[in-house]
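# Structure at a glance
Listed here are the chains, written in short residue letters.
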Amino acid sequence: MPSGRGFGGAMAAVAATASPSSDMFDEIVMAEERFHGEGYQEGYAEGSHIGVVEGRRYGSLHGAKIGSEIGCYLGFALTWQCLLQKCMDEKNSKKIRALDSLIRMIQKFPYEDPTYDKLQEDLEKIRGKFKQTYMPKVACQLLLCPAVGSSS
């Protein structure tokens, strides 16, 4: 061995020169895995942000629809309550009691609590009570609706 390093020294020299190239090779091989992980993290963060924004928008829209629907029911009930109190008889007193019940249900509805676990259940009860008190024949008679108003 002319260099005087010996066999161990030669292996160390090869390892020293091979180390940078093998690190570069490892980096190339591992790049796909690294980029996949980084891409996943970036996508997850962006998706989470977009999901929150979209969820907030959907919740606002859906909440506004429910509020509008309940407001319509309340307006209907209060109007008919006033109209029916002018001509009290047994038939109207039953309708007024049903309207009073609908008004109480609407007033108890939890507008301010979107996490209320029985929100859909209570909304369905209000819808059912509204259908029970809805008086299309009477409304058409008062509005002179020819289709229903002339049939009685």
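None of the values given here were measured: they were computed from a predicted structure.

Moving on, we get to the overall build of the protein. Each helix and strand counted, the protein has 5 helices and 0 strands in total. When the elements of the protein are put in sequence order from the N terminus, they spell out α-α-α-α-α. Across the 152 residues of the protein, 20% fall into the buried class. For the protein, the accessible area works out to roughly 11400 Å², and carbon and sulfur atoms hold 61% of it.

So, on to helix H2 (residues 90-108). With 19 residues, H2 should reach 27 Å at 1.5 Å per residue; the first-to-last C-alpha distance of 27 Å fits that figure. Within H2, burial applies to Asn92, Ser93, Ile96, Ala98, Leu99, Ser101, Leu102, Ile103 and Ile106.

The next subject is the confidence of the model for the protein. For the protein, per-residue confidence averages 76 on the pLDDT scale, and residues scoring 70 or more make up 74% of the total. Of all helices and strands in the protein, the one with the weakest mean pLDDT is helix H5 (residues 146-149) (38), whereas helix H3 (residues 119-133) scores best (88). Low pLDDT, under 50, characterises residues 1-18; the predicted model gives this stretch 4 contacts beyond four residues in sequence or across chains. pLDDT under 50 marks residues 143-152. Its contacts with residues more than four places away, or in other chains, come to 9 contacts.

Looking at the element boundaries, Glu69 is found in helix H1 (residues 6-85). Engagement of the side chain of Glu69 in a polar contact is seen with the side chain of Arg127, the distance being 2.6 Å.

With that settled, the discussion passes to the side chain of Lys129. When you line up the elements, Lys129 lands in helix H3. One buried charged side chain, Lys129, makes no salt bridge at all; its nearest oppositely charged neighbour is Asp100, positioned 11 Å away.

So, on to the layout of surface pockets. Estimates place the volume of the largest pocket at around 320 Å³. As for the largest pocket, its lining consists of 14 residues, of which Gly59, Gly63, Tyr111, Pro114 and Leu119 are closest to the centre. In terms of residues, the lining of the largest pocket owes the most to one element, H1, which gives 8 residues. Across the lining of the largest pocket, the residue classes break down as 8 nonpolar, 5 polar and 1 charged.

Now for H3. The terminal C-alpha atoms of H3, which comprises 15 residues, lie 21 Å apart, in line with the 21 Å expected from a rise of 1.5 Å per residue. Among the residues of H3, those classed as buried are Leu119, Asp122, Leu123, Ile126, Lys129, Phe130 and Thr133. Projection of H3 onto a plane perpendicular to its axis shows the buried side chains occupying an angular sector of 125°, all on one side. Turned more than 90 degrees off the buried face of H3, the exposed positions are Lys131 and Gln132.

Right, let's talk about the pattern of salt bridges for a bit. The tally for this structure, following the rule as stated, stands at 4 salt bridges. Its salt-bridge partner being Arg34, residue Glu38 comes within 3.9 Å of it at the nearest N-O pair. Of the two residues, Glu38 and Arg34 both sit in helix H1, 4 residues apart, roughly one turn of that helix. For Glu38, a relative accessible area of 37% gives the class partly exposed. Of the charged contacts, one joins Arg127 and Glu124 as a salt bridge, the two residues approaching to 2.6 Å between their closest N and O atoms. You can see Arg127 and its partner Glu124 sitting in helix H3, 3 residues apart, about one turn around the helix. Since its relative accessible area comes to 22%, Arg127 is described here as partly exposed. Overall, Glu124 belongs to the partly exposed group, its relative accessible area being 45%.

Here is what the cut-offs are and how they apply
- Residues numbered from 1 in each chain as written.
- Predicted model: local features only at pLDDT ≥ 70, side-chain atom pairs only at ≥ 80, totals over all residues.
- Heavy atoms only, no water.
- Helix = DSSP H or I, 4+ residues; strand = E, 2+ residues; numbered from the N terminus.
- Buried < 20%, exposed > 50% of the residue type's maximum accessible area, 1.4 Å probe, protein only.
- Areas by Shrake-Rupley, 256 points an atom, 1.4 Å probe, with all protein chains shown as cover.
- Expected span 1.5 Å × (residues − 1).
- pLDDT = per-residue confidence, 0-100.
- Contact = heavy atoms within 4.5 Å.
- Polar contact = N/O pair within 3.5 Å; in protein donor to acceptor, adjacent residues only side chain to side chain.
- Lys, Arg positive; Asp, Glu negative; His and termini not counted.
- Salt bridge = Lys/Arg side-chain N within 4 Å of Asp/Glu carboxyl O.
- 1 Å grid on protein atoms, 1.4 Å probe; cavity = no way out; pocket = protein on both sides within 12 Å on 5 of 7 lines; lining within 4 Å.
- Points joined across faces, edges and corners; volume = space filled by probe spheres on them.
- Nonpolar A, V, L, I, M, F, W, Y, C, P; charged D, E, K, R; others polar.
- Arc of directions from axis to C-beta.

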